[in-house]
Amino acid sequence: MLFHQTCGDNVFISPDRRIARRADSFCKGIAFGHRPVKPEERIYIRFVENSSNWSGVLRFGVTANDPGLENVRRDLPRYVCPDMTNKPGNWAKALGERFAIAGNILFYYVTPTGDVKYGINDQEMGTFFNGVTTSGPLWPLLDLYGNSTAMEFLGKVALIRVNNYVDIFVFWDGLSLSIVYCVCAEKLE
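Residues numbered from 1 in each chain as written. Predicted model: local features only at pLDDT ≥ 70, side-chain atom pairs only at ≥ 80, totals over all residues. Heavy atoms only, no water.

S.K.: Now, about the sheet that holds strand E8 (residues 105–110): what can you tell me, with residues and values included?
M.R.: Backbone hydrogen bonds are what pair the strands of a sheet, in a parallel or an antiparallel way. One open sheet holds the seven strands; their spatial order is E2-E3-E12-E5-E8-E9-E10, and the pairing between them is antiparallel. Two strands close off the open sheet at either side, each with one partner strand: strand E2 (11–13) and strand E10 (123–129). Between one strand axis and the next, the sheet turns by 25° as a mean value, whatever way the strands run. Inspection of the sheet shows strand E9 (residues 116–120) paired to E10 by five bridges, in the antiparallel sense. Paired with isoleucine 120 across the bridge in E10 is glutamine 123. (Pairing = 2+ DSSP bridges. Helix = DSSP H or I, 4+ residues; strand = E, 2+ residues; numbered from the N terminus. Axes fitted to C-alpha atoms, helices over the stretch in contact; angles between N-to-C directions.)

Here's what the structure looks like:
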């Protein structure tokens, strides 16, 4: 997954379109995936940078509104929640601040029945919200809000458990291989 060129006024997309970074204010941080996702397709996002200047963190979900359309680009609001979620075809919710730690990897996906499931560092957390209409294409929707200042889309993932305290995540985007280590303070199950 890459970031779509359509984004909020305070978002800068990296040249390879894998990282979205919000500058200045805590708002106008809306970003989209570059293509629709399939049901059950996991979207992996790494928290690259955080701030301590604001309150609140990433809002994420999906939209049925093609970000490439002129009216979507022209009418981007300041916030995903509630500005976009109050309009048809947009579903998103705020992540709990305790999960928004630099280096953490969030994944989420939409089930065929319209539930959005999520997890952190490859640990499934359950249903995040429901009620998504799945009869048409759905694009990943992010709001780099508050203390979430930079996010990276990651490709397909493999988890390698080294021992009870260390996991290695391996990501493949079709062009390059990335390795992210996760050293946990508590013993992993």
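S.K.: Which residues make up the packing of aromatic side chains, and what are the values?
M.R.: With the rule as written, the count across this model stands at 12 aromatic pairs. Here the aromatic rings of phenylalanine 60 and tyrosine 118 are separated by 6.4 Å at their centres, their planes lie at 50°, and the arrangement is tilted. Placement of phenylalanine 60 in strand E6 (residues 59–63) and of tyrosine 118 in strand E9 is noted, with a sequence separation of 58 residues between them. Taken as a pair, phenylalanine 60 and tyrosine 118 share a single burial class, namely buried. Ring centres of phenylalanine 99 and tyrosine 118 lie 6.4 Å apart, and the angle between their planes is 75°; this geometry places the pair in the edge-to-face category. Note that phenylalanine 99 is positioned in the loop between strand E7 (90–94) and E8 and tyrosine 118 in strand E9, a separation of 19 residues in sequence. According to the relative accessible area criterion, phenylalanine 99 is buried, its value standing at 12%. One aromatic cluster is present, built from ring pairs that chain together Phe60, Phe99, Tyr108, Tyr118, Phe128 and Phe129. Over the ring of phenylalanine 128 we find lysine 93; its NZ or CZ atom is 4.8 Å from the centre of that ring. (Phe/Tyr/Trp six-rings, centres within 6.5 Å; stacked < 30°, edge-to-face > 60°. Buried < 20%, exposed > 50% of the residue type's maximum accessible area, 1.4 Å probe, protein only. Lys NZ or Arg CZ within 6 Å of the ring centre and 35° of its normal.)

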